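Residue-level structural notes
Spelled out, the chains give:
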Amino acid sequence: MKILCDRTQLQEAVGVVSSVVPTKSPKPILHNLLLRVDDEGITLFATDLEMAAKTRLDAVKVSRKGLLLLPAREASALLRELSDPTVTMDSTDQRCRIESGGGSFVLLGEDPSQFPEEIKLVSNKRVELPAGRLLRMIQESAFAAAREETRYAINGVLFDLAAGCLRLVATDGRRLALSYQNIDAAQAEFKVVVPLRALTTLSRAIPEGSKDPLQIAVGDKQIEFTFGKTQLISQLLECRFPDYEGVVPKAADTSVEIQKAVLESALRKTAILCSDDLRMVKFEVGDQALRITAESSARGRADVSVDVNVKGAGGSINFNPDYILEALRVCQLDQVRLDMSDDSMPAKFTLGESFTYVVMPISGT
Amino acid sequence: MIRSLAPEVVNQIAAGEVVERPASVVKELVENAIDAGGRRIRVEVDAGGCERIRVIDDGDGFLPEDLPLAFASHATSKLSVLQDLDHIATLGFRGEALASIGSVARASIRSRRHDRDAGAEIHCDGGRIGEPQPCGCPTGSQLEIRDLFYNTPARRRFLKSPGTEKARIQELLAELALARLDLDLTLVADGREVLRLPAGQSLTERFASCFGRELARGLLPVERAFGELRVEGVIGEPDLARRDSKLELLYVNGRQARENSAVHAIRQAYREFLMGGRFPIYALTVALPPDQVDVNVHPRKAEVRFLESRKVAGCLHETVRAALQGRAAAASAGGVALAPELPRARSGFPDLPRDLFGRADGGAVPEPTAATSAPPVVVRDGADRPPFGHKSATQDPAANPDQNAGPAPAARPNPFARANGRFLQVHDLYLLLEGPDGLLIVDQHALHERVVYERLRAEHRARAVTVQQLLVPTVVELHPGEKAWLLEVAEDLAAEGLQVGEFSPSAMAIYGVPAVLAKTAPERLLRALLADDGADARPRLREQISERFHSMACRAAVMGGDRLTDEEIAALLQAASTLEHPHNCPHGRPTVLTFTHGELERYFRRRC
């Protein structure tokens, strides 16, 4: 193959697909990117066998077609360092010569026929929504997923499409985040768990607030996200996701409305005096006031009272402050609401118009 | 076509279970000799026992008319009715050993009872039993097994080299000998005496004669009684720990036996004192009424089952733990008893005379302990004989510092409480201090780790138990046994913050986890508790919690390579001086190495 193309565009395309390349794999061929050059342009493809990314670059002058494997790390580092606006790539016998601005580099590739084949997803379950909206939903849910890599944990986010509403749900068993979006046109239904890694990779490819359409297609074992010329396809997690609807409390004894900034600041201050091993703050809801306290025998005591709107009986309840702070970090509302009952019942935070967060309290025995 | 097997074939098959290698023959024969009341037992083996094994005892001997039955299957004098199985006090009882051995070798017995004038002799060659012939012989029995496995070539091929088989026999005799200090045992291999164990040795002496002289100085005698149950024996200092579990010797009513929960309980007691991958050394016997233990669960009797295994495990744990924590305040803080596998030069001193620390000059006789000073007493018969037989029932309890009823033994003194405040940091890692007994070398990281760990633990103990409730109960599928155990201990677990309940016939649900372990996956936590089978539930859960403090402490402690100011060192030593267990870091690594005045003087030849 031989091509001439814009360096910045190529660098971006390489960057997008490189994000799925494994840093260390016992199968070294996966450290490469596959470049397929046809008459109109280049298709770039990479995979770690759990997920795959594909993107297309059209603004290319093709002199000779062909297939090529490029080592991903070296290729993207090199493109970043080059300064000329254009770059020429010329390959023979799995060797690729890159020329740009007077420099000449040879990258040694491997046999393209040994590279895993692209997966073609067959599916009629498709749904479309603005890319920026999906990004927001991922941000509002994924943080609550379990991080520890054990076989018991669900390291993924539930995508539940039913009755024209797409819900993204994540939980680690102690708290649960739920973000939803009505999609009127959607006829399809699916309920699948997507690995966190795929969502992190996808998030990186979507600019904040983008209005461009993003398509989700769900097959038996895979999910595919198509955004512009880029496709990300990932294996689904085969696990039973807990019944989240039963978990979200329908009623509460006490409702508290509070400024998000006030709550965040109060929690940050009190959390300083939690002990390292036992992260716990106490919420006491009284007459139009919320008192947050923390105590550690080694460090001391924090006591913060703030004005709030209270409906209901009031009461006290203990939380891990980190759980609440993590959610507030992705909350865009000025005023949030807490619905709580007692320390054996989940408490519900309303953190956005379509963003609900449920936290299980800490109880004494 | 289906046929009944000929009795010889049946016996050969049965032999496969009982007689695996020469050592198993020796074991059966020596146990028989002991059951027959033999006091002096001599074992001779040639070529690792493959060519010839001879066991001579001075026991009761056979009645001449019983001899033909000796090689018959399921013939025994040790029990007659089924009920006898409930209180077995002999080592053998199944009546299979001689029949099995006779079917795979050329065996002969010569025996004379003390009340007869003449002895008798009988041969059994590959299962064909001959006629008893009168012969002259001393009282007692003499069994000779030649050409083991000559008629079962398949098994013969699986024998290891004669050297290996001999070593196995030696090990086996040593293990048997530790249970019976009243026996006089000799092992002769290929004409050379390799083991000589005179009757009346103390357990410490015998342990050392069997497994190495240098072990003797690190053995602590222990003895506790818990109602009808008694635990007695010696345990090794943690620094004698080995990389394998060969010297974990557990005896039940004088019989060596394994029981997982008991072994586990002992290891747990050592846990804080040992590094990972090390196994303690000990010889402990559990004496309990015979109806409290089932010995007939394993063809080679290698395993037993206790009626109340948790209670036995608890008693063992308590005995060992108390002894380790209360290690007598020996002047040389034991820290210098370098692990035997370490080359001596590692002590910091060049590899010089062996008597530097090892006191090899005086033989291996350790400081007088209760075990060594107690007069040997010969007692026989039944489970009521004192375990290890080195002590009579009437002996004054005060003679033994570890006596059960007495107050807890004095704790090993805290070396930091008695240091004089002068110190030096070297290599940004070690602190040299002057203590009343000599020179202390401290690992700053290990010591600080222990300080932080104790602080976290104290903080945790002082506050109420808190539970991180789970949003959705975690359902864990379990074996019926695991589930039954969990239901039984659910209350104990709840008291430490783990809330579990029945979910379905085969599953349990976790509703809440201790808030300090909120980040652990609940199912993993539960499985960790189940994995440790045998010990009590609450301590296990506490251990899981402590484990978290270990890792927090490790991260919070000063590292090797951190240069400390004098004020910091003083503060660290001050904090260490109030510790209850200052000698090890929470992972079991030592915090301090002591060179006593005496050791320094000997090294510099100021004193001989």
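Residues numbered from 1 in each chain as written. Chains lettered and ligands numbered in written order. Predicted model: local features only at pLDDT ≥ 70, side-chain atom pairs only at ≥ 80, totals over all residues. Heavy atoms only, no water.

With respect to the overall build of chain A
For chain A, the count of helices and strands is six helices and 27 strands. A total of 365 residues make up chain A; the buried ones form 55% of that total. (Helix = DSSP H or I, 4+ residues; strand = E, 2+ residues; numbered from the N terminus. Buried < 20%, exposed > 50% of the residue type's maximum accessible area, 1.4 Å probe, protein only.)

Some details on the overall build of chain B
Helix and strand counts for chain B stand at 16 helices and 23 strands. Across the 608 residues that make up chain B, the buried fraction comes to 50%. Partitioning the contacts of chain B with sequence separation of at least 6, the portion at a separation of at least 24 is 70%. Of the roughly 27,500 Å² of accessible surface on chain B, a fraction of 52% belongs to carbon and sulfur atoms. (Contact = heavy atoms within 4.5 Å. Areas by Shrake-Rupley, 256 points an atom, 1.4 Å probe, with all protein chains shown as cover.)

Considering a negative patch on the surface
Residue and element names in this part refer to chain B. On the surface, D562, D566, E567 and E568 cluster together into a negatively charged patch. Its place among the elements puts E568 in helix α15 (residues 566-576). Exposure remark for E568: the relative accessible area of 41% places this residue in the partly exposed category. (Patch = residues over 30% accessible without salt bridge, like charges linked within 9 Å, V, L, I, M, F, W, Y side chains within 5 Å. Salt bridge = Lys/Arg side-chain N within 4 Å of Asp/Glu carboxyl O. Lys, Arg positive; Asp, Glu negative; His and termini not counted. Charge placed at Lys NZ, Arg CZ, Asp CG, Glu CD.)

Observations concerning the sheet that holds strand β16 (residues 222-227) of chain A
Residue and element names in this part refer to chain A. One open sheet holds the eight strands; their spatial order is β6-β2-β3-β4-β17-β16-β15-β10, and the pairing between them is antiparallel. Looking at the sheet topology across the chains shown, the edges are occupied by β6 (66-71) and β10 (125-130). Mean inter-strand twist for the sheet, computed between neighbouring axes without regard to direction, equals 15°. Note that strand β3 (residues 42-47) and strand β4 (residues 51-57) share six bridges and pair antiparallel. Bridge pairing in β4 links L44 to T55. Across the sheet, helix α2 (residues 72-81) is in contact with β2 (32-37) and β6; its angle to β6 comes to roughly 85°. (Pairing = 2+ DSSP bridges. Axes fitted to C-alpha atoms, helices over the stretch in contact; angles between N-to-C directions.)

Considerations on the nonpolar core
Counting 102 residues, the largest nonpolar core has F159(A), I216(A), F225(A) and F283(A) as the members making the most contacts within it. Discounting chain neighbours no more than four positions away, the residues touching F159(A) are L134(A), L166(A), R167(A), L168(A), F190(A), K191(A), V192(A), V194(A), L199(A), I216(A), I223(A) and F225(A). (Core = buried A, V, L, I, M, F, W, Y, C linked by side-chain atoms within 4.5 Å.)

Some remarks on the environment of Q187(A)
Residue and element names in this part refer to chain A. By the secondary structure assignment, Q187 is in the loop between β13 (175-182) and β14 (190-195). Judged by its relative accessible area of 73%, Q187 is exposed. For the pair formed by Q187 and R126, sequence separation is 61 residues and the distance between their alpha carbons is 8.5 Å.

Remarks on the side chain of D277(A)
Tracing the backbone through its elements, the reader meets D277(A) in the loop between α5 (260-271) and β19 (281-285). We classify D277(A) as buried; its relative accessible area is 2%. Apart from residues no more than four positions distant in its own chain, D277(A) is found in contact with R463(B), A515(B), V516(B), R548(B), F549(B) and M552(B).

Digging into the sheet that holds strand β13 (residues 255-256) of chain B
Residue and element names in this part refer to chain B. Pairing is mixed in the open sheet, where five strands are placed in the order β10-β11-β14-β12-β13. Lying at the two open borders of the sheet, with one neighbouring strand each, are β10 (219-226) and β13. Relative to strand β14 (residues 282-287), strand β12 (residues 248-252) is paired through five bridges, and the arrangement is parallel. Within the sheet, the bridge partner assigned to L250 lies in β14 and is L284. Packed onto the sheet, helix α8 (residues 260-270) meets β11 (229-236), β12 and β14 and runs at close to 135° relative to β12.

Observations concerning unusual backbone geometry
Residue and element names in this part refer to chain B. Here the phi dihedral of H427 falls at roughly 55°; this positive angle occurs in a residue that is not glycine. You can see H427 is positioned in the loop between β17 (423-426) and β18 (430-434). On the basis of relative accessibility, which here comes to 69%, the residue H427 falls in the exposed class. The backbone of D428 shows a phi angle near 50°, a positive value even though the residue is not glycine.

With respect to helix α4 (residues 196-205) of chain A
Every buried residue of α4(A) is listed here: L196(A), A198(A), L199(A), T201(A), L202(A) and S203(A). Tucked inside the fold, the buried residues of α4(A) contact β4, α3 (131-142), β11 (156-162), β14, β16 and β17 (230-235) of chain A.

Considerations on the interface of chain A and chain B
On the chain B side, the residues contacting the 29 residues of chain A number 25 residues. Carbon and sulfur atoms make up 58% of the surface buried where chain A meets chain B, a total of about 2,300 Å² over both sides. Across the pair D277(A) and R463(B) runs a salt bridge, and its minimum N-O distance is 2.6 Å. Where chain A meets chain B, there are ten residue pairs in polar contact (both at pLDDT 80 or more). At three residues, strand β27 (residues 362-364) of chain A tops the list of elements feeding residues into the side of chain A that touches chain B. Class assignment for the residues of the side of chain A that touches chain B results in 13 nonpolar, ten polar and six charged. (Buried area = accessible area lost by both parts, 1.4 Å probe. Polar contact = N/O pair within 3.5 Å; in protein donor to acceptor, adjacent residues only side chain to side chain. Nonpolar A, V, L, I, M, F, W, Y, C, P; charged D, E, K, R; others polar.)

Observations regarding the packing of aromatic side chains
Applying the stated rule across the entire model yields eight aromatic pairs over all chains. Taking 5.4 Å as the distance between ring centres and 50° as the angle between the ring planes, the aromatic pair formed by F143(A) and Y357(A) counts as tilted. Note that F143(A) is positioned in the loop between α3 and β11 and Y357(A) in strand β26 (residues 355-359), a separation of 214 residues in sequence. The pair formed by F143(A) and Y357(A) is uniform in burial state, with each residue classed as buried. A network of ring pairs unites the aromatic residues F143(A), F283(A), F319(A), F349(A) and Y357(A) as a single cluster. The lysine or arginine in question, R106(B), covers the ring of Y150(B), its NZ or CZ lying 3.9 Å from the ring centre. (Phe/Tyr/Trp six-rings, centres within 6.5 Å; stacked < 30°, edge-to-face > 60°. Lys NZ or Arg CZ within 6 Å of the ring centre and 35° of its normal.)

Some details on the packing of helix α12 (residues 480-495) of chain B against helix α14 (residues 537-556) of chain B
All names here are of chain B. Their axes nearest at 8 Å, the elements α12 and α14 cross at an angle of 55°. Of the possible angle classes, the one that applies to α12 and α14 is oblique. In terms of crossing hand, the pair formed by α12 and α14 is right-handed. Listed contacts from α14 to W485, V489, D492, L493 and A495 of α12 are A537, R538, R540 and L541. Here the contact of α12 with α14 is composed, by residue class, of six nonpolar, no polar and three charged. (Parallel < 35°, antiparallel > 145°, perpendicular 65-115°, else oblique. Left-handed = near helix turned anticlockwise from the far one by under 90°.)

Describing the side chain of N32(A)
Residue placement: N32(A) occurs in strand β2. For N32(A), the contacting residues outside a window of four places in its chain are V21(A), A46(A), L69(A), L70(A), P71(A), A72(A), E110(A) and F115(A).

Comments concerning the pairing of β16(A)
Residues and elements named next belong to chain A. Here β16 lies mainly inside the structure; six of its six residues are buried. Of the two faces of β16, the one holding Q222, E224 and T226 and the one holding I223, F225 and F227 are both buried throughout. Pairing analysis gives five bridges linking strand β15 (residues 213-218) to β16, with the strands arranged antiparallel. Within β16, the residue paired with L214 across the bridge is F227. Where β16 meets β17, six bridges bridge the pair, whose relative direction is antiparallel. Each bridged residue has a counterpart across the sheet, and for Q222 the counterpart in β17 is Q235. Here β16 folds back onto β17, and the loop between the two strands holds two residues, one of which, G228, carries a positive phi near 60°.

Considerations on the confidence of the model for chain B
Residue and element names in this part refer to chain B. Residues of chain B with pLDDT of at least 70 account for 79%, and the chain-wide mean is 77. Below pLDDT 50 for its whole length, residues 328-410 participates in 135 contacts with residues either more than four positions away or in separate chains. Here the prediction assigns the complex a pTM of 0.61, and the interface score ipTM is 0.79. (pLDDT = per-residue confidence, 0-100.)

Thoughts on the packing of helix α2 (residues 22-35) of chain B against helix α6 (residues 162-179) of chain B
Residue and element names in this part refer to chain B. At a closest axis distance of 8 Å, the pairing of α2 and α6 adopts a crossing angle of 30°. Accordingly, the angle class assigned to the pair α2 and α6 is roughly parallel. As for the relative orientation of α2 and α6, their crossing is right-handed in sense. Here P22, A23, V26, K27, V30 and E31 of α2 lie close against α6, whose contacting residues are E165, R168, I169, L172, L173 and L176. Class assignment of the residues belonging to the contact of α2 with α6 gives a composition of eight nonpolar, no polar and four charged.

Re the pattern of salt bridges
Residue and element names in this part refer to chain A. Applying the stated criterion across every chain, the model contains 56 salt bridges over all chains. Its salt-bridge partner being E118, residue R36 comes within 3.3 Å of it at the nearest N-O pair. Taken together, the residues R36 in strand β2 and E118 in the loop between β9 (103-108) and β10 connect sequence positions 82 residues apart. Accessibility expressed as a relative area gives 36% for R36, which makes it partly exposed.

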